[in-house]
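Breakdown of the fold
Listed below, chain by chain, are the residues.
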Amino acid sequence: MENQKFYYDNKIVKLFILATLVWGVVGILVGVIAALQLAFPIFNFGLEYTTFGRLRPVHTNAIIFAFVGNAIFAGVYYSMQKLLKTRMFSDALSKFHFWGWQTIIVLAAVTLLAGFTTGKEYAELEWPIDILITLVWVAFGWNMIGTIIVRRVQHIYAAIWWYLATFLGVAILHVVNSFELPISLFKSYSIYAGAQDAVVQWWYGHNAVAFFLTTPFLGLMYYYLPKAANRPIYSYKLSIIHFWSLIFLYMWAGPHHLLYQALPEWAQALGVTFSIMLIAPSWGGMINGLLTLRGAWDRVRDSAALKFLVVGVTAYGMSTFEGPMMSLKTVNQITHFTDWTIAHVHIGGMGWNGGIIFGMLYWLVPKLFKSKLFSEKLANIHFWISTLAILVYAIPLYWAAVTQWLMWREYTPEGFLAYPNFLETLTQIVPMYAVRVVAGVLFLAGFLIMVFNLAKTMAAGSFVNNEASEAPALVPAGSRNPVRETIHRWLERKAVRFSILTFIALSIGGAVEIIPMIFIKSNVPTLDSVTPYTPLELEGRDLYVKEGCYVCHSQMVRPFRWETDRYGEYSKIGEFVYDHPYQWGSRRTGPDLARAGVVGGPMYKNAAWHYNHFMDPQKMNEASIMPNYAWLAVKNIDLSQTPKKIRAMQKLGVPYEEGYDKKAVDDLLAQAQGISDDLKASGIEIDPKKQMVAMIAYMHKLGRDISTGTEVPADTIQTASTEFKEVQLLNNPEDLAAGKQLFQNTCVACHGADGKGIATFPNLTDEEWIHGNTPGAVFHQISEGNVAKGMVPYKTMFTEKQITQLTSYVLITLQDENSK
Amino acid sequence: MKIVSEVLTSIEGIRIFYIIGLLIFVALFIVIFIRTMRMKNSDMEEIKNSILMDGESEEVTTSN
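Residues numbered from 1 in each chain as written. Chains lettered and ligands numbered in written order. Predicted model: local features only at pLDDT ≥ 70, side-chain atom pairs only at ≥ 80, totals over all residues. Heavy atoms only, no water.

1. Some points on the overall build of chain A
For clarity, the threshold we go by: Numbering goes from the N terminus for both helices and strands, where a helix is a DSSP run of H or I of at least four residues and a strand is a run of E of at least two. We compute the radius of gyration over the C-alpha atoms and compare it with the globule rule, which gives 2.2 Å times the number of residues raised to the power 0.38. Note that accessible areas follow from Shrake-Rupley with a 1.4 Å probe, and for residues the cover is restricted to the protein chains shown. Neither His nor the chain ends contribute to the count of charged residues, in which Lys and Arg are positive and Asp and Glu negative. For the purpose of locating charges, the reference atoms are NZ of Lys, CZ of Arg, CG of Asp and CD of Glu.
The secondary structure content of chain A amounts to 29 helices and four strands. For chain A, the C-alpha radius of gyration of 30 Å lies close to 28 Å, the compact-globule estimate for 820 residues. Reported as C-alpha extents along the three principal axes, the dimensions of chain A are approximately 110 × 60 × 45 Å. Total accessible area computed for chain A in this model is approximately 29,600 Å², and 64% of it derives from carbon and sulfur atoms. Looking at charge distribution, chain A has the averaged site of its 65 positive side-chain charges lying 16 Å from that of its 62 negative ones.

Shown next, in the form of structure tokens:
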């Protein structure tokens, strides 16, 4: 047959490679800064744009969509052309794809730092960018399918099925999860509420892992591993079976992110079952990859590219075993909300994605530039540094996770939480966070070595934008010959039909989970006592979303005694029906806030406390790693948006009365005035229009609707002093030391380490006493508290003995120290 | 708990989705497995090896 001449488009591959390198450095660098912030809060720089809440989404988006995304496209554009023996279908589409994607990345970085976010993890970008992503993604798919149609080989090789599945999977996920109602260019509300939003979001979040971080990489593995090892893949049959099983099963597993949470039992069961089943196809892929190298291990020893690919595939095997284990309810109890999850994703990200990308680049760049790798030795150094970095990253975090979990659930023999102050459990693990910084720096150093090595390789080589090649044209295949062709092979020949089947396999899982959650009402039982947010609370909630508080705080109390004792009543599905978006969070770097507004509950703090805490958390508690939010006291609420927000909420089904949007601002100002007056009583002057006031209102709304009405009028607590019980002070050193320890762990947050009181909180060392300084009076104060003023009633957390020790510490040690 | 019991009653209707899903998977899996296993090994070898032979002007097998 006549050979046709054509040109491979190498330039587009080069562009994507360069973008991979640039965004890789940026993404990792931001990760290192975020790690620094968790170890040393000073690195939040006191600026709203650089707090952890805003930086973390920049890191995750930069790594996933910028670094990994560009690497995928580089790998796909190169291998597709070679596999199908043709140039990409359309140069214009390729260009649009490249520049469109880079625009999205830049817009993402800018808007996330500016605080424009939907508050849904890994889908934080606001609606205009979502639309742009859709357009670019369609261009990518169109280009890919077009290329398949104009190909010069009959058979579509395994790698390309994975690319197609990637295109389809991401398209479905992105569209379904991004349904939002815009209220301005920069702000929208998810159309789903509460538990529904959570199911859709984690169906998306989990499958972003599947279809952005797994399927394209299996595709890359099926091409670059055989190429780099110069051996065919181990079993082609295995690749077919594991392809169909994997894409079918993945779509079901999302609810494993929501175990023990406010989700119907059936949805949780589904998530667990399918997660466990996922081990099989995942390991099918790993085994197929590793066995490809059988008998070629000597080559692995000599080639950094192969070493990276092997580590990648091995890390894939580890993560896909660990993941299903983490979906078991008992294990999930430990891993969820702790650093376990963070370690897990970094094994996947640095090991699997990083390994495949680095391996691919070390093989591909010399090939494209027709030269040898500048230095195999530097590549090996990169390999060892980055492998070490993965270990230094993961091991301390696993340790931290277990340590913190054990502390959260430890009880004293008397049946009280051993560490009632959340901060104690955090202080224990902050050293691990410092180690993590080292890991990040190592990984970055290795990456920079690679950039240098590849740059040198490029400089030494020669590059042609359009590489000439020739191949015979493809004879039209005609209909299936039932004797000679099996169904799968026939399907693969037909790109479009193949895509449709893939689409169906993908849709089933999502549909079965999401449709009942949204359309069967009984899945979300409503609670009558739950009322919509007042306009002020709504503004506060939007600030909570904007500042990214959800990256550190959960709002989801699971039904374990050690959680309900610490935070309060466990969370119910019906509480969240007005939450657009839901804000359950996924990691508890700080304490859960679902019950922050339950007066008399263990989490309640009064307005003055919140004010001082937001102004400077480290002043309240030196060991805190929460960033300060001092600008909340400076910036005003944007009142012009409030009526629009109310109308949007009404559209989404929140039952505000007709025409409420017109009254909203007045209501908002009235409520704000109340909080401002309350603060004034504590000596804090603040204009009611400030964002701080809205944030405090929101904090006080959390959990209030379902609290069982323990609102105690302030004066009933202050009964006549004659009713105080006799308290014998304990003045031996052991008891005083025990009292001191309790005080330092718990009371410092308000009364200060020296007992002199922070900001407006009472000094316990001077002569002035609000309620008297008899042992009985002080004991009473500590045990009953004064919830209206913000003093916590400690009788539910400490034994009488402990409270007596505290009383003694206050009246003996603190008074003594002060009189010196 | 009232809420819990409400959720439980709603399960009856929904379990069916769950079971259907599992059945679809098992059925599909069996079909794909059998089909794949019956493919000719020589064909498989041919495809596997094809990607390693993409030298500039080399003959490409397009036969099925």
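Next comes the rest of the write-up.
2. Quick word on the overall build of chain B
Using the following cut-off: Burial here depends on accessible area, computed with a 1.4 Å probe over protein chains only, as a share of the maximum for the residue type. Under 20% is buried, over 50% is exposed, and the range in between is partly exposed.
Looking only at helices and strands, one finds two helices and zero strands in chain B. Sorting the 64 residues of chain B into buried and exposed places 30% on the buried side. Surface summary for chain B: the accessible area is close to 4,100 Å², and the carbon and sulfur share equals 67%.

3. Digging into the environment of Ile515(A)
Residues and elements named next belong to chain A. Its location among the elements puts Ile515 in helix α18 (residues 495–519). With relative accessibility at 44%, the residue Ile515 sits in the partly exposed group. Each C-alpha atom, one on Ile515 and one on Gln196, is 9.7 Å from the other, the two residues being 319 residues apart in sequence.

4. Some points on helix α14 (residues 340–368) of chain A
All names here are of chain A. Using the following cut-off: Expected helix span is computed as 1.5 Å times (number of residues minus one). The seven residues ending at a residue and the seven starting there each receive a fitted axis; the angle between those axes is the bend at that residue.
Along its 29 residues, α14 runs 40 Å from first to last C-alpha, staying within 8% of the 42 Å computed at 1.5 Å per residue. Helix geometry: α14 is bent most strongly at Gly354, by close to 35°. The element α14 is largely enclosed, with a buried count of 24 among its 29 residues. Lys370, located one to two residues past α14, shows a positive phi value of around 50°.

5. Some details on the domain arrangement of chain A
All names here are of chain A. For clarity, the threshold we go by: Each domain span listed reflects an automatic or database assignment of domains. The contact criterion used throughout is that any non-hydrogen atoms of two residues lie within 4.5 Å. Once two parts are joined, some of their accessible surface, as seen by a 1.4 Å probe, is lost; buried area is that loss totalled over both. Here, a salt bridge means any Lys or Arg side-chain nitrogen found within 4 Å of an Asp or Glu carboxyl oxygen. Contacts described as polar in this section are N or O atom pairs within 3.5 Å, which, within protein, must combine one atom able to donate a hydrogen with one able to accept it, while residues neighboring in sequence count only if both atoms come from side chains. Gly falls in the polar group here, along with every residue not listed as nonpolar (Ala, Val, Leu, Ile, Met, Phe, Trp, Tyr, Cys, Pro) or charged (Asp, Glu, Lys, Arg).
Segmentation of chain A into domains returns domain 1 (535–706) and domain 2 (733–819). Contacts between the two partners involve 13 residues from domain 1 and, on the opposite side, 13 residues from domain 2. A buried area of about 1,000 Å², summed over both sides, lies between domain 1 and domain 2, and 64% of it is on carbon and sulfur atoms. By the criterion of area lost to domain 2, the three top residues of domain 1 are Asn606, Trp609 and Met620, representing 35% of everything that side buries. Joining domain 1 to domain 2, the criterion identifies zero salt bridges. Between domain 1 and domain 2 we count zero residue pairs in polar contact (both at pLDDT 80 or more) in total. Mapped by element, the contributors of at least two residues to the side of domain 1 that touches domain 2 are α21 (607–615) and α22 (617–620). The dominant element in the side of domain 1 that touches domain 2, judged by the number of residues it contributes, is α21, at three residues. For the side of domain 1 that touches domain 2, a count of residues per class yields seven nonpolar, five polar and one charged.

6. Considerations on a nonpolar patch on the surface
All names here are of chain A. Cut-off, in case you're wondering: Residues forming no salt bridge and having over 30% relative accessible area are the ones grouped into patches, like charges within 9 Å of each other and nonpolar side chains (Val, Leu, Ile, Met, Phe, Trp, Tyr) within 5 Å.
Taken together, the side chains of Phe89, Val138, Trp142, Ile149, Val150, Val496, Ile500, Leu501, Phe503 and Ile504 make up a nonpolar region of the molecular surface, amounting to roughly 910 Å² of accessible area. When contributions to the nonpolar patch are tallied by element, the ones reaching two or more residues are α4 (127–149) and α18. Ranked by residue count, the leading element in the nonpolar patch is α18, at five residues. Among the structural elements, Val138 can be located in helix α4.

7. Considerations on empty space enclosed by the protein
Residue and element names in this part refer to chain A. Applicable threshold: Site definitions follow a grid-based scheme: protein atoms alone, a 1 Å grid, a 1.4 Å probe that fits but cannot get out for cavities, and for pockets an open set with protein on both sides within 12 Å along at least five of seven lines, plus lining residues having an atom within 4 Å of a point. Grid points are joined across faces, edges and corners, and a volume is the space filled by probe spheres set on the points.
Per the counting criterion, the structure on display carries eight cavities of 30 Å³ or more. Of the pockets and cavities examined, the second largest cavity occupies roughly 200 Å³. In this structure, the second largest cavity is lined by 16 residues; those nearest its centre are Tyr533, Glu575, Lys701, Leu702 and Gly703.

8. What about the packing of helix α1 (residues 10–39) of chain A against α14(A)?
Residues and elements named next belong to chain A. Short version of the rule: To obtain each axis, a line is fitted to C-alpha atoms, and for helices this fit is confined to the stretch in contact; angles are then taken between N-to-C directions over 0 to 180 degrees. Any angle between 65 and 115 degrees counts as roughly perpendicular, while under 35 counts as roughly parallel, over 145 as roughly antiparallel, and the rest as oblique. Handedness of a crossing is defined here by the sense of rotation of the near helix relative to the far one, left-handed for an anticlockwise turn of less than a right angle and right-handed for a clockwise turn.
Where α1 contacts α14, the axes come no closer than 12 Å and their chain directions differ by 140°. With respect to their mutual orientation, α1 and α14 come out oblique. In this structure, α1 meets α14 at a crossing whose hand is left-handed. Between α1, through Asn10, Val13, Ile17, Thr20 and Leu21, and α14, the contact on the second element is made entirely by Ile357, Leu361, Leu364, Val365 and Leu368. Looking at the contact of α1 with α14 residue by residue, the class counts come to eight nonpolar, two polar and no charged.

9. Brief notes about the pattern of salt bridges
Residue and element names in this part refer to chain A. In total, this model carries 29 salt bridges over all chains according to the counting rule given. Where Arg87 meets Asp91, a salt bridge forms, and the shortest distance between an N and an O atom there is 2.9 Å. With a closest N to O distance of 2.6 Å, Lys120 and Asp197 form a salt bridge. With Lys120 in the loop between α3 (91–114) and α4 and Asp197 in helix α6 (residues 194–213), this residue pair connects regions lying 77 residues apart in the sequence. A residue is classified by how much of its surface remains accessible, and Asp197, at 0% relative accessible area, is buried. Bridged by salt links that share partners, the residues Glu48, Arg54, Glu547 and Lys635 form one connected network.

10. Here we look at the nonpolar core
Residue and element names in this part refer to chain A. Short version of the rule: Each nonpolar core is a collection of buried residues, namely Ala, Val, Leu, Ile, Met, Phe, Trp, Tyr and Cys, held together in the definition by side-chain atoms within 4.5 Å.
One finds Ile17 and Phe211 to be the most contacted residues of the largest nonpolar core, which totals 248 residues. When residues of this core are assigned to their parent elements, the largest contribution, 18 residues, is made by helix α2 (residues 52–84). Once you skip the residues sitting within four places of it in the chain, Phe211 turns out to touch Ala165, Thr166, Gly169, Val170, Leu173, Pro216, Ile247, Tyr250, Met251 and Leu506.

11. Side note on the pairing of strand β3 (residues 187–190) of chain A
Residues and elements named next belong to chain A. Here is the rule we go by: Any two strands between which DSSP finds at least two bridges are classified as paired.
Taken together, the four bridges between strand β2 (residues 180–184) and β3 define a ladder with antiparallel strand orientation. The residue bridging Leu181 from the neighbouring strand is Tyr189, located in β3. Adjacent in sequence and paired antiparallel, β2 and β3 are bridged by two residues.

12. Let's talk about the confidence of the model for chain B
Residues and elements named next belong to chain B. Put simply, the rule is: A residue's pLDDT is simply how confident the predictor is in it, with values from 0 to 100.
Of the residues in chain B, 58% reach a pLDDT of 70 or more, and the chain-wide mean stands at 68. Of the regions scoring below 50 in pLDDT, residues 1–9 engages in nine contacts with residues more than four places distant in sequence or in other chains. With a pTM of 0.90, the predicted complex shows an ipTM of 0.73.

13. Observations regarding the confidence of the model for chain A
Scored by pLDDT, chain A has a mean of 91; 95% of the residues are at 70 or more. In this model, residues 710–721 of chain A is a region of pLDDT below 50 whose contacts with residues beyond four sequence positions or in other chains number 16 contacts.

14. Here we look at unusual backbone geometry
What is expected of a backbone is that most residues other than glycine have negative phi and most peptide bonds are trans. All names here are of chain A. Between His580 and the following residue, Pro581, the backbone shows a cis peptide bond with an omega angle of -5°. Mapped onto the elements of the fold, Pro581 is located in the loop between α20 (561–567) and α21. Positive phi outside glycine occurs at Phe45, with the angle close to 60°. One non-glycine residue, Lys370, lies in positive phi territory at about 50°. Relative to the helices and strands, Lys370 is located in the loop between α14 and α15 (376–408). When its relative accessible area of 48% is taken as the criterion, Lys370 is described as partly exposed.

15. Observations concerning the packing of α14(A) against α15(A)
All names here are of chain A. Viewed as axis vectors pointing N to C, α14 and α15 meet at an angle of 170°, and their least axial separation amounts to 8 Å. In terms of orientation, α14 lies roughly antiparallel with respect to α15. Contacts between α14 and α15 involve Trp340, Ile342, Ala343, His344, His346, Ile347, Met350, Gly351, Phe358 and Tyr362 from the former and Ala379, His382, Ala389, Ile390, Tyr393, Ala394, Leu397, Tyr398, Ala401 and Val402 from the latter.

16. Quick word on helix α27 (residues 733–751) of chain A
All names here are of chain A. Between the first and last C-alpha of α27 there are merely 22 Å, a value that for 19 residues lags more than 12% behind the 27 Å anticipated at 1.5 Å per step. Of all bends in α27, the biggest is about 50°, found at Asn745. Taken as a whole, α27 has its buried residues at Asp735, Leu736, Gly739, Leu742, Phe743, Asn745, Thr746, Cys747, Val748, Ala749, Cys750 and His751. Packed against the buried residues of α27 are α16 (422–460), α21, α22 and α29 (800–819). Positive backbone phi, at 80°, marks Gly752, one or two positions downstream of α27.

17. Some details on the side chain of Glu467(A)
Along the chain, Glu467(A) falls in strand β4 (residues 466–472). A distance of 2.9 Å separates the side chain of Glu467(A) from the side chain of Asn10(A), its partner in a polar contact.

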